[in-house]
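Here's the letter readout for the chains.
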Amino acid sequence: MAQTTYFPRRLILAGAMISGVLLALAVHMLGVRFGLDLGGLWRSDDPNNFMPAGAALAWWLIATVGFCGGYFTATLMHSAVSGQIPQRMRQFLIAVGVLVLAGAGQAASAPSPIPTISGMLAGLAALCLGALMAFCGAHFALRKA
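The rules we used
Residues numbered from 1 in each chain as written. Predicted model: local features only at pLDDT ≥ 70, side-chain atom pairs only at ≥ 80, totals over all residues. Heavy atoms only, no water. pLDDT = per-residue confidence, 0-100. Helix = DSSP H or I, 4+ residues; strand = E, 2+ residues; numbered from the N terminus. 1 Å grid on protein atoms, 1.4 Å probe; cavity = no way out; pocket = protein on both sides within 12 Å on 5 of 7 lines; lining within 4 Å. Points joined across faces, edges and corners; volume = space filled by probe spheres on them. Nonpolar A, V, L, I, M, F, W, Y, C, P; charged D, E, K, R; others polar. Contact = heavy atoms within 4.5 Å.

Draft legend 1. Expanded view of the confidence of the model for the protein chain. When pLDDT is averaged along the protein chain, the result is 79, and 79% of the positions lie at 70 or above. The least confident element of the protein chain is helix 3 (residues 87-109), whose mean pLDDT is 76; the most confident is helix 2 (residues 53-80), at 87.

Have a look at this one:
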């Protein structure tokens, strides 16, 4: 019997974090095109207004995608070495990843509808939020496995 080998834990964490961050940034870039802007948190026309719903939805969407991306990538990397992932599933995941990142690249190449400083702050917030949630998702997946 061949002994099952696994990726080192740090490699799985790093790969899952990178995947989660890239997916979170892709969702942030696509969300800006649809009006879901994190920059609405810092822009306020009226100080008595509450936070815009689009900013709150963008925040939760980025956090969810970062967490799920980290969790599922860590789970897949943990089970990939032993050959438990079918070939069709691998091809499907690769196709989905390429399409999401291609859509984000297309969205990022167009002129931005938000001001530059606000867009930069929103991008940094999405990056930090995606990294934190991807780490949490990967850590949770590895702890469970």
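Okay, back to it.
Draft legend 2. Inspection of the layout of surface pockets at higher detail. Quantified by volume, the largest pocket comes out at close to 630 Å³. For the largest pocket, the lining is made up of 20 residues, of which Ser19, Leu23, Thr73, Leu93 and Gly97 are closest to its centre. Looking at the lining of the largest pocket element by element, the count peaks at eight residues for helix 2. In terms of residue class, the lining of the largest pocket is made up of 15 nonpolar, four polar and one charged.

Draft legend 3. Seen up close, the environment of Leu36. With respect to the secondary-structure elements, Leu36 resides in the loop between helix 1 (9-33) and helix 2. For Leu36 and Gly54, which are 18 residues apart along the polypeptide, the C-alpha to C-alpha distance reads 4.7 Å. Setting aside chain neighbours within four positions, we find Leu36 in contact with Gly31, Gly54, Leu57, Ala58 and Leu61.

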